[in-house]
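# Survey of secondary and tertiary structure
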Amino acid sequence: MLGVYSESLLAPVARASKLLGAKRVMVVVSDDGFDEISPVVPTKVFEIDEDGKEKRYVINPADYGLTGCKNEELAGGTGEENAQLALDILSGKGRRTLKAAVALNGGAALYIGGKAKSIKEGCVKIIKAIDSGAVAKKLEEVKAASTN
């Protein structure tokens, strides 16, 4: 999964990635100018599957039950502040819009990587992993292993 800053780059970047050996490719740009899937506005997608079949579509956050998200909640800060924002999300807390962004982009990555049958299924898997505490538990395991 790749993000670009302009809709005009969707197809060329996807095709170049395929030529470079990617099995499946998804390139995205959101209507609010982000090079990722936005939880606030629709995102345009260009996808190429294993067989070389190309398709264009739009990911609308509302179709995933994600409404009321706000651009201002996506703003980051210093490295320390951003690390805390990430920890808050991974522990099931934090800004609703950031969690939605993580779910959408993570869900798309699971889909394009073949670990989910659809973006929606991947999104649900990400949300369940966060809400169940599985992500926070895994983070603690990684921390423990890295300090030993």
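Just above sits the structure.
### Observations concerning the pattern of salt bridges
Going through the model one piece at a time under the given rule, you end up with 8 salt bridges. Between Glu47 and Arg24 there is a salt bridge, with its nearest N and O atoms 4.0 Å apart. Residue Glu47 is found in strand β3 (residues 43-48), and its partner Arg24 is found in the loop between α1 (10-19) and β2 (25-30); the two are separated by 23 residues along the sequence. Glu47 sits in the buried class, given a relative accessible area of 3%. One salt bridge in this structure joins Lys99 and Asp131, with 2.4 Å as the shortest N-O distance. Pair noted here: Lys99 is in helix α3 (residues 96-112) and Asp131 is in helix α4 (residues 119-131), with a separation of 32 residues, a long-range link. The class for Lys99 is buried, based on a relative accessible area of 18%. Three or more residues are tied together by salt bridges with common partners; here these are Arg24, Glu47 and Glu50.

### Remarks on the sheet that holds β2
The strand order across the open sheet formed by 4 strands is β1-β2-β3-β4, and the pairing between neighbours is mixed. Of all the strands in the sheet, just β1 (2-3) and β4 (54-59) have a single pairing partner and so form its edges. Pairing between β1 and β2: 2 bridges, direction parallel. Within β2, the residue paired with Gly3 across the bridge is Val28. The sheet strands contacting α3 are β2, β3 and β4, and the helix crosses β2 at an angle near 160°.

The rules behind each value
- Residues numbered from 1 in each chain as written.
- Predicted model: local features only at pLDDT ≥ 70, side-chain atom pairs only at ≥ 80, totals over all residues.
- Heavy atoms only, no water.
- Salt bridge = Lys/Arg side-chain N within 4 Å of Asp/Glu carboxyl O.
- Helix = DSSP H or I, 4+ residues; strand = E, 2+ residues; numbered from the N terminus.
- Buried < 20%, exposed > 50% of the residue type's maximum accessible area, 1.4 Å probe, protein only.
- Pairing = 2+ DSSP bridges.
- Contact = heavy atoms within 4.5 Å.
- Axes fitted to C-alpha atoms, helices over the stretch in contact; angles between N-to-C directions.

Geometry only, nothing functional implied.
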